[in-house]
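# Results of the structural survey
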Protein chains: 2
Amino acid sequence: PPGRKVLIVYAHQEPKSLNGSLKRVAVEELSKQGCSVMVSDLYAMQFEPRATRNDIVGCLHNSEEFNYGVETREAYKRGDLSDDVIEEQKKVQEADLLIFQFPLYWFSMPAIMKGWMDRVLVQGFAHEFPNCYDSGLLKNKLALFSFTTGGSKEMYAKGGISGDIRYLLWPMQHGIMHFCGVKVLAPHICFAPEYVSEKERKKMLVAWAQRLKTLWKEEPINCSPEWYFK
Amino acid sequence: PPGRKVLIVYAHQEPKSLNGSLKRVAVEELSKQGCSVMVSDLYAMQFEPRATRNDIVGCLHNSEEFNYGVETREAYKRGDLSDDVIEEQKKVQEADLLIFQFPLYWFSMPAIMKGWMDRVLVQGFAHEFPNCYDSGLLKNKLALFSFTTGGSKEMYAKGGISGDIRYLLWPMQHGIMHFCGVKVLAPHICFAPEYVSEKERKKMLVAWAQRLKTLWKEEPINCSPEWYFK
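Worth saying up front: this structure is predicted, and the values here are computed from it rather than measured.

Here the focus is the UniProt feature "domain: Flavodoxin-like fold" (unreviewed entry) in chain A. The feature "domain: Flavodoxin-like fold" (unreviewed entry), as annotated in UniProt, sits at residues 5-212 of chain A in this numbering. Within residues 5-212 of chain A, the helical portion is 37% and the strand portion 15%, while the C-alpha atoms at the span's ends are 14 Å from each other.

Now the structure itself:
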């Protein structure tokens, strides 16, 4: 709906890939709805995935023994995080909905996107004990994981060789987003696009556009063990 | 035992950290046993976590549309992967046991270590359909995930707010190591070391050294959904 803000965190090297097309479809459809859409194109930005001392501008809280969690928490308070992290935090702060668009790498997100999680979701910004899970600091936001797989739907079925696809969503949806208070919409999964016809891939794009039309009416999933492992 | 080779893939910024100490304890104890120990100290190496075109030396298989999986598979065959990846693959090839030592970041490994998985475990080297899972190309090797957590043991209990710690091991142990044919030893977990006394942290180091003394007699876990979600 008009006025809603969406951040798409996108991790694919190739604009012509299905992931690239899925990202473009989302930008188009959501813009058409009157949403304002921001995109963090991680590879194009050469986004830094490594959590290092460089993320803190100026002096350290404890330069004797470097503790990344403590240092970034303190730097956040002082406004001394590195510019690229602050930039991403601003986008997250503004957004009503976060869409993560990526190819599944090793039952998880590509390292460049994991680095975005590691570096952007700093204590004090995204969570601050006891403000985690339902009372996480990013509550009132929504997240949606949209990804492509190498394996087929059959491999990722319950009893399939790779196990129910929901098993691998636990760390991403519950461990990251829910921990920060973000409500999670059902994932959007395109299984094994490399092994289907061009026509089937087109259908995948249409299905995504279609889903986005009524996305704002969706209820979040119940992000508890039952959803994942029942 | 004498002659066994171990690769420790280590991801912590600070040598004085508990992770740093756990790594040192492993090097010492395993060396004492007569093992030859290699260490990939990812932050010290400034290891590149991003999966990009730079991982392929020379021309691309398909320069019209970049596909990381296809390009690295082809580059591996030609011997045209980047030097840092080849270097790590050599270490993996030599090793009987891989130990991953890291602080848990967001229910998973730090991005720098995820990048190691993404870039090193190339198709043709670590797996090649149908050679995956029990027939993965790295069979006859062992892996062990050794990590520290922020959350307490109670939070990571079944029914705890963060769910059974085993839930989050599925992508790492099954999705990565088992997929490549590697047998998985029980994880070694130090819960919430930042919130215990110096004395308790010392005990954690002693317990790790102790476990390593009989490590080679351990049976791998049964890396199937029952172990994780029973």
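Residues and elements named next belong to chain A. Over its twelve residues, helix α3 (residues 83-94) extends 17 Å from the first C-alpha to the last, a length consistent with the 16 Å expected when each residue adds 1.5 Å. Residues of α3 that are buried: V85, E88, Q89, K91 and V92. Buried positions in α3, seen along its axis, are confined to an arc of 160 degrees and lie on one side of it. Those residues of α3 that are buried are in contact with β1 (5-10), β2 (36-41), α2 (68-78), β3 (97-103) and α4 (111-120).

Here we take up the relation of the copies chain A and chain B. Superposing chain A onto chain B takes a rotation of 180 degrees plus a shift of 0.0 Å along the axis, which leaves an RMSD of 0.0 Å. This pairing of chains is accounted for by a two-fold axis. In terms of C-alpha distance to the rotation axis, chain A has A111 of chain A as its closest residue, with the C-alpha 2.5 Å off the axis. The overlap is high: 100% of the interface residues of chain A also sit at the interface in chain B, so the same surface is used on both sides.

Let's shift gears to the packing of aromatic side chains. Under the defined criterion, the tally for this structure stands at 39 aromatic pairs over all chains. With centroids separated by 4.1 Å and ring planes inclined at 35 degrees, the aromatic side chains of Y167 of chain A and F229 of chain B adopt a geometry described as tilted. Of this pair, Y167 of chain A sits in helix α5 (residues 165-177) while F229 of chain B sits in helix α7 (residues 225-229), on two different chains. Both residues of the pair, Y167 of chain A and F229 of chain B, belong to the buried class. With centroids separated by 5.6 Å and ring planes inclined at 80 degrees, the aromatic side chains of F179 of chain A and W106 of chain B adopt a geometry described as edge-to-face. One end of the pair, F179 of chain A, is in the loop between α5 and β5 (183-184); the other, W106 of chain B, is in the loop between β3 (97-103) and α4 (111-120), on a second chain. We classify F179 of chain A as buried; its relative accessible area is 16%. Its end group placed over the ring of Y10 of chain B, K23 of chain B keeps NZ or CZ at 4.9 Å from the ring centre. Seen from the ring of W227 of chain B, R166 of chain B lies directly overhead, with NZ or CZ sitting 3.8 Å from the centre.

A separate point is the pairing of strand β1 (residues 5-10) of chain B. All names here are of chain B. Of all six residues that make up β1, five are buried, and the element is covered over most of its length. Handedness of the β1-helix α1 (residues 18-32)-strand β2 (residues 36-41) crossover: right-handed. Where β1 and β3 come together, five bridges link them in parallel fashion. If you follow L7 over to β3, its bridge partner there is L98.

When the parts come together, some accessible area is lost, and that loss is often what is quoted as the size of the interface. Of the residues lining the interface, 49 residues belong to chain A; the matching set on chain B comes to 49 residues. Both faces combined, the contact of chain A with chain B buries some 4100 Å², and carbon together with sulfur accounts for 63% of it. Sorting the residues of chain A by area buried against chain B places R50, W106 and F107 of chain A first, and these three jointly supply 20% of that buried surface. Run the count over chain A and chain B and you get zero salt bridges. The interface formed by chain A and chain B holds 24 residue pairs in polar contact (both at pLDDT 80 or more) in total. Contributions of two or more residues to the side of chain A that touches chain B are made by α2, α4, α5 and α7 (225-229) of chain A. With seven residues, the top contributor of residues to the side of chain A that touches chain B is α5 of chain A. Class assignment for the residues of the side of chain A that touches chain B results in 27 nonpolar, 13 polar and nine charged.

Moving on to empty space enclosed by the protein. Under the counting rule described, the total for this entry stands at two cavities of 30 Å³ or more. S108, P171 and M172 of chain A together with F107 and S108 of chain B are, among the 14 residues lining the largest cavity, the residues nearest its centre. Looking at the lining of the largest cavity, the elements that each hand over two or more residues are α5 of chain A together with α5 (165-177) of chain B. The greatest single-element share of the lining of the largest cavity, amounting to four residues, is contributed by α5 of chain A. Classifying every residue of the lining of the largest cavity by side-chain character gives eleven nonpolar, two polar and one charged. Approximately 30 Å³ is the volume attributed to the second largest cavity. As for the second largest cavity, its lining consists of W106 and S108 of chain A together with S108, M109, K114, P171, M172 and I176 of chain B. No other element matches the three residues that α5 of chain B contributes to the lining of the second largest cavity. Here the lining of the second largest cavity is composed, by residue class, of five nonpolar, two polar and one charged.

Cut-offs used in this document
Residues numbered from 1 in each chain as written. Chains lettered and ligands numbered in written order. Predicted model: local features only at pLDDT ≥ 70, side-chain atom pairs only at ≥ 80, totals over all residues. Heavy atoms only, no water. UniProt positions renumbered as here; feature names shortened; annotations may be inferred. Helix = DSSP H or I, 4+ residues; strand = E, 2+ residues; numbered from the N terminus. Expected span 1.5 Å × (residues − 1). Buried < 20%, exposed > 50% of the residue type's maximum accessible area, 1.4 Å probe, protein only. Arc of directions from axis to C-beta. Contact = heavy atoms within 4.5 Å. Least-squares fit on C-alpha atoms with pLDDT ≥ 70 in both. Phe/Tyr/Trp six-rings, centres within 6.5 Å; stacked < 30°, edge-to-face > 60°. Lys NZ or Arg CZ within 6 Å of the ring centre and 35° of its normal. Right-handed = clockwise from strand over helix to strand, strands pointing away. Pairing = 2+ DSSP bridges. Buried area = accessible area lost by both parts, 1.4 Å probe. Salt bridge = Lys/Arg side-chain N within 4 Å of Asp/Glu carboxyl O. Polar contact = N/O pair within 3.5 Å; in protein donor to acceptor, adjacent residues only side chain to side chain. Nonpolar A, V, L, I, M, F, W, Y, C, P; charged D, E, K, R; others polar. 1 Å grid on protein atoms, 1.4 Å probe; cavity = no way out; pocket = protein on both sides within 12 Å on 5 of 7 lines; lining within 4 Å. Points joined across faces, edges and corners; volume = space filled by probe spheres on them.

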